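# Observations on the model geometry
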Amino acid sequence: MRAAVLTAYGAAPEPAERPDPVAGPDQELIRVTAAPIVPLDLLCATGTSYFGAPPLPYVPGVQGVGTLSSGARVFFSTSAGMKPGDGSLAELAVSGDVVPLADDVPDELVAALGLSAVAAWMSLSWRAKVQPGERVLVLGAGGAVGQVAVQAATALGASAVVAASRRLTHRSLAAERGATATVDLSTVDGLTERFREAAGGPVDVVIDPVGGVTATAALLALGEHGRLVHLGASGGPTATFSSAAVRSGSHSILGYTNNALTAAQRTQALGAVLAHRCTVTYETVGLDAVADAWTRAGATPDGRLVVVP
């Protein structure tokens, strides 16, 4: 089969021939129709992730969409880069974790949404337990998680949904998709006050895939019993929180990882995202262009890069 094969840590995978995978016990053989390049793929391929260095060569790709031998369409995930074995950036893949899909959503969109959409939905509904009428602040609203979080917060009944991003195009897009207000993150001056003003008062829930000084400012915008769900560090590996602020507001700082979900939870979350017609910006590329797409995915793309084998 043709696949994107990584032969050196820190490099981009290149198209190459690879032996067809063989499904093991409790696994399905999948003909891949769309596979996204996601931050976890990039991290694992450096050889420096917290999962350890994956054996080389291997095919990256922790998620994708495809068809089974029966013709059924499925979303699937793999452990490529986290454990030995090949992933989804190929014509064929194997997985023991598949989710049946309806026929009314394009494969490429499902792939672009994928586990980022699951994270957005579960951060709000499961970890934050957002309630109708609450005010939600979404940091990094231009990323895949942030884009879906804006739409998910609206679907879950938030009275105010504030989309915060450095880029005007991302803020404008968030407004089109349901954000009631936006905040420019290109300057940190007065961020806490700007967050509260945009929300129309103290914030109840912060979705934080950013970290750093932005998360610090966001926590100070929380009202009584406010919750900050942290699920990424694109803006910095640490954030400083005032002990007095956390205690006096009875705030909760909640970590999130998709790895903590059961298969049933992932299935339910993806189904909810698709049922609410959430979307995300994406671009499709062929397998021959995977090296360039990989490089762009590691920069600041305008949308998710989805490989169509």
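One can find the structure itself at the top, above this paragraph.
Residues numbered from 1 in each chain as written. Predicted model: local features only at pLDDT ≥ 70, side-chain atom pairs only at ≥ 80, totals over all residues. Heavy atoms only, no water.

Under the criterion given, the structure shown has 9 salt bridges. The partner of Asp 288 in a salt bridge is Arg 2, and the shortest N-O contact between them spans 2.4 Å. Within this pair, whereas Asp 288 is found in the loop between β14 (282-286) and α9 (290-297), its partner Arg 2 is found in strand β1 (residues 2-5), the two being separated by 286 residues in sequence. Judged by its relative accessible area of 27%, Arg 2 is partly exposed. Salt-bridge contacts for Asp 292 lead to Arg 296; the nearest nitrogen and oxygen are separated by 3.2 Å. Of the two residues, Asp 292 and Arg 296 are both situated in helix α9; the distance of 4 residues between them amounts to about one turn of the helix. Through salt bridges that share partners, Glu 283, Asp 292 and Arg 296 make up one connected network. (Salt bridge = Lys/Arg side-chain N within 4 Å of Asp/Glu carboxyl O. Helix = DSSP H or I, 4+ residues; strand = E, 2+ residues; numbered from the N terminus. Buried < 20%, exposed > 50% of the residue type's maximum accessible area, 1.4 Å probe, protein only.)

The set of residues buried in helix α5 (residues 191-199) consists of Leu 191, Thr 192, Phe 195 and Ala 199. Taken around the axis of α5, the buried residues stretch over an arc of 105°, which confines them to a single face. What points out from α5, more than 90 degrees from its buried face, is the exposed set Glu 193 and Glu 197. Those residues of α5 that are buried lie in contact with β8 (135-138), β9 (160-165), β10 (181-184), β11 (203-208) and α6 (212-220). Note on α5: the residue one or two positions beyond its end, Gly 200, has a positive phi of about 80°. (Arc of directions from axis to C-beta. Contact = heavy atoms within 4.5 Å.)

Orientation of helix α2 (residues 107-127) relative to helix α3 (residues 144-155), taken along the N-to-C sense of each, is 45°, at an axis distance of 8 Å. What the angle tells us is that α2 and α3 run oblique. Of the two elements, α2 crosses α3, and the hand of that crossing is right-handed. Contacts between α2 and α3 involve Leu 113, Ser 116, Ala 117, Ala 120, Trp 121 and Leu 124 from the former and Ala 144, Val 145, Val 148, Ala 149, Ala 152, Ala 153 and Ala 155 from the latter. For the contact of α2 with α3, the class distribution of residues is 12 nonpolar, 1 polar and no charged. (Axes fitted to C-alpha atoms, helices over the stretch in contact; angles between N-to-C directions. Parallel < 35°, antiparallel > 145°, perpendicular 65-115°, else oblique. Left-handed = near helix turned anticlockwise from the far one by under 90°. Nonpolar A, V, L, I, M, F, W, Y, C, P; charged D, E, K, R; others polar.)

Interpretation note: all reported values are geometric properties and have no functional meaning in isolation.
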